[in-house]
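Examination of the molecular architecture
What follows is each chain in one-letter form.
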Amino acid sequence: MPISRRGLLAGTAATGAGLAVPTTAAAVSVAGVAAGEKIRPGDVRYADLAQRGQNKRFTAKPEYARVIQSAEDAVRAVQEAVRSGKRIAVRSGGHCFEDFVDSSDVQVLLDMSTFDDVTFDERYRAFSIGVGATLEKVYKDLFYGWGVTLPAGGCLGVGAGGHFAGGGYGPLSRKYGSVVDHLYGVEVVVVDKQGRARLVVATRDNAHKDLWWAHTGGGGGNFGVVTRYLMRSAGSTGRTPAESLPKAPSELLSNIIVYDWKTIGKAGFVRALRNFFDFFEANNTADSPYATLYSPFILSSASAGNFLMSNQLDASVPNAAALLQKFTDAMLAGLDPKPVVYPVPAGPFLLKTIERSIPAGPNTTRNKWKAGYLRKGYTDTQIELIHDRLHDAGNTAETSVLFVPYGGKVNTVKPDATATAQRDVMCKMVMSMSWNDASEDAKNEAWARKIYADIYKDTGGVPVPNAFNAGSYINYPDADLADPAFNKSGVPWHDLYYLGNYPRLQQIKAKWDPRNVFHHKLSIQP
């Protein structure tokens with residue numbers, strides 16, 4: 001089959017004020033690291049902690065790192081850093097696209113990767129997920145333990161920490177909504193105006209609901225150090241674990257459609273994208289029989305030889321096989337020659353989910369990402385531009401433009417019910433570039449900025465909200481959106497990410513982080 005596993009996986013990825021509460025994680029030694037220990041340069045462990053970020057364009061050089069193993073440990077670590085005036089950054093999975101953690105001015109790095117318990121908390125009648133848990137661990141523990149799941153992402157090494165707070169999404173989001181639609185509460189270390197660190201639990205129905213709301217899409221690194229999330233679906237009572245989160249599908253149907261760059265031509269390319277956009281615009285309601293359909297369309301550079309669409313559908317949906325075939329026929333319509341369709345044997349949910357996801361593990365490449373929400377599909381002119389740029393022989397980086405179906409159940413929630421404001425979209429666009437040589441940074445960043453500016457040239461080079469665009473996704477942060485050299489729209493970056501929810505986020509920031517202890521290039525400004 002003329003498509004690499006790497007190419008497939010790259011597209012299927014695309015998570016009282018001083019109330020003291022118990023925590024599910026114990027303050028014990030993990031891997032020989034004593035709770036609270038400062039790990040400094042020269043320690044054999046320092047480099048692994050400092051260099052764990054996935055984007056090698058950035059590397060942290062903190063004065064010291066701590067491996068956080070309990071909520072109490074996090075409080076102590078934050079308190080000491082605040083007293084000494086040190087800039088703090090927090091890392092869970094390490095997948096931040098920008099230098100929010102790996103910044104030159106970060107002095108204290110709090111590593112949450114071993115804080116990863118997944119349990120059911122009887123006090124809150126919700127699943128407790130430590131922020132260091134990777135999505136692979138979350139999926140396995142929830143499924144094997146209780147047969148439930150979350151509509152989280154397809155990159156298994158991503159940590160719950162930033163993914164959940166930013167409004168994570170994934171293959172089941174069209175059926176079950178965003179991850180934050182299942183967020184009941186958050187346990188977080190905050191710092192008051194006197195510089196006192198303390199642990200707070202904020203839930204959707206307690207006195208700290210505003211702090212809960214801020215973590216339903218406000219993004220990581222803004223309000224404090226999250227230690228765990230409490231997950232229970234909106235509307236669920238939590239009487240039993242098995243009814244507290246969505247039931248996982250029993251089996252998935254799937255196929256792969258492979259398009260040949262040599263034969264499709266520009267007109268065929270436009271038709272292929274138009275087929276995709278038209279279908280998901282027409283089948284984007286929560287009650288659609290296609291609500292469980294997940295079909296990331298992965299456009300690779302022409303030098304790769306082909307590009308593909310990877311499709312999956314819950315096999316328990318009535319007439320699932322016929323639905324998948326009807327969808328496949330719609331994707332092939334008007335194309336001559338037809339792309340090749342590779343059927344994939346049906347298989348159990350977790351096995352297929354892991355098989356179709358980007359595996360956990362370190363990344364050694366330098367990366368640049370750009371993104372946008374689509375309310376409607378791109379125009380033919382925009383599609384032709386993407387076609388031409390993907391044929392650019394001068395681009396030597398590994399490049400993809402990914403369109404990920406979204407909406408469905410997501411769109412049934414009011415824009416201000418959570419901090420995740422984009423509740424009327426049908427897909428996301430994610431453009432990624434990766435390379436190894438630092439000397440190519442400027443060239444590749446310029447290429448990414450040029451194609452993005454060209455796609456959105458009618459709206460100042462960025463996806464300004466209108467009938468077609470809905471801004472961008474904070475978990476795909478792009479510091480360019482805050483730079484007037486690249487954002488010429490006059491619309492500030494925060495309105496692109498948060499639409500009308502930013503003023504409320506600012507008020508919450510001023511209340512819960514009045515000293516602005518937690519900040520980065522795209523952080524909420526109090």
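Residues numbered from 1 in each chain as written. Predicted model: local features only at pLDDT ≥ 70, side-chain atom pairs only at ≥ 80, totals over all residues. Heavy atoms only, no water.

Description of the sheet that holds strand E14 (residues 398-405)
- Across the sheet, which stays open at both edges, the seven strands sit in the order E12-E9-E11-E10-E14-E15-E13 with antiparallel pairing between neighbours. Of all the strands in the sheet, the pair left with one neighbour each is strand E12 (340-348) and strand E13 (366-374). For this sheet, the mean inter-axis angle between neighbouring strands, taken without regard to orientation, is 15°.
- Where strand E9 (residues 251-260) and E12 come together, seven bridges link them in antiparallel fashion. Bridged to Glu-251 within E12 is Pro-348.
- Sitting on the sheet, helix H8 (residues 261-282) is in contact with E9, strand E10 (297-300), strand E11 (306-314), E13, E14 and strand E15 (427-435), with an inclination near 145° to E9.
- Helix H11 (residues 380-390) rests against E10 and E14 of the sheet, and its axis sits at about 150° to E14. (Pairing = 2+ DSSP bridges. Helix = DSSP H or I, 4+ residues; strand = E, 2+ residues; numbered from the N terminus. Axes fitted to C-alpha atoms, helices over the stretch in contact; angles between N-to-C directions. Contact = heavy atoms within 4.5 Å.)

Things to note about the pattern of salt bridges
- In total, this model carries 34 salt bridges according to the counting rule given.
- One salt bridge in this structure joins Arg-196 and Asp-192, with 3.1 Å as the shortest N-O distance.
- Within this structure, Arg-57, Glu-98, Lys-368, Lys-370, Glu-445, Arg-449, Asp-478 and Asp-480 form a network of salt bridges that share partners. (Salt bridge = Lys/Arg side-chain N within 4 Å of Asp/Glu carboxyl O.)

Some points on the side chain of Asp-181
- In this structure, Asp-181 sits in the loop between helix H6 (173-176) and strand E6 (183-191).
- A polar contact of 2.9 Å, which involves the side chain of Asp-181, links it to the side chain of Arg-423.
- Contacts of Asp-181, omitting those with residues within four sequence positions, involve Arg-204, Ser-233, Ala-234, Val-413, Thr-418 and Arg-423. (Polar contact = N/O pair within 3.5 Å; in protein donor to acceptor, adjacent residues only side chain to side chain.)

Digging into the domain arrangement of the chain
- By domain assignment, the chain separates into domain 1 (36-248) and domain 2 (251-499).
- The C-alpha-based centres of domain 1 and domain 2 are spaced at 26 Å.
- Domain 1 puts 44 residues into the contact, and the matching count from domain 2 is 53 residues.
- Here domain 1 packs against domain 2, burying approximately 3,800 Å² in sum over the two surfaces, 59% of which is carbon and sulfur.
- For domain 1, the biggest contributors to the area lost against domain 2 are Phe-97, Tyr-169 and Arg-174; these three give 26% of the whole.
- Linking domain 1 with domain 2 are three salt bridges, by the criterion used here.
- Here Asp-181 ties to Arg-423 by a salt bridge, and the two come within 2.9 Å at their closest N and O atoms.
- Listed by contribution, the elements that provide at least two residues to the side of domain 1 that touches domain 2 are helix H4 (135-146), helix H5 (160-165), H6 and helix H7 (209-214).
- Of all the elements, H4 adds the most residues to the side of domain 1 that touches domain 2, at five residues. (Domains from an automatic or database assignment. Buried area = accessible area lost by both parts, 1.4 Å probe.)

A closer look at the sheet that holds strand E7 (residues 197-203)
- Strand order in the open sheet made by the five strands is E4-E5-E8-E6-E7, with antiparallel pairing throughout. Edge positions in the open sheet fall to strand E4 (118-121) and E7, since each of these has one partner strand only. Along the sheet, successive strands turn relative to each other by an average axial angle of 25°, direction set aside.
- Looking at chain direction, strand E5 (residues 126-130) and strand E8 (residues 225-231) are connected through four bridges and run antiparallel. Note on E8: the bridge partner recorded for Gly-130 is Arg-228.
- Lying on the sheet, helix H3 (residues 71-83) is in contact with E6, E7 and E8; it crosses E6 at an angle near 35°.

Some details on H3
- With 13 residues, H3 ought to run about 18 Å at 1.5 Å a step, and its terminal C-alpha atoms sit 18 Å apart, in line with that.
- Taken together, the buried positions of H3 are occupied by Ala-71, Asp-73, Ala-74, Val-75, Ala-77, Val-78, Gln-79, Ala-81 and Val-82.
- Against the buried residues of H3 lie strand E1 (64-67), strand E2 (88-91), strand E3 (108-111), E6, E7 and E8.
- Once H3 finishes, Gly-85 follows within two positions and takes phi at roughly 70°, a positive value. (Expected span 1.5 Å × (residues − 1). Buried < 20%, exposed > 50% of the residue type's maximum accessible area, 1.4 Å probe, protein only.)

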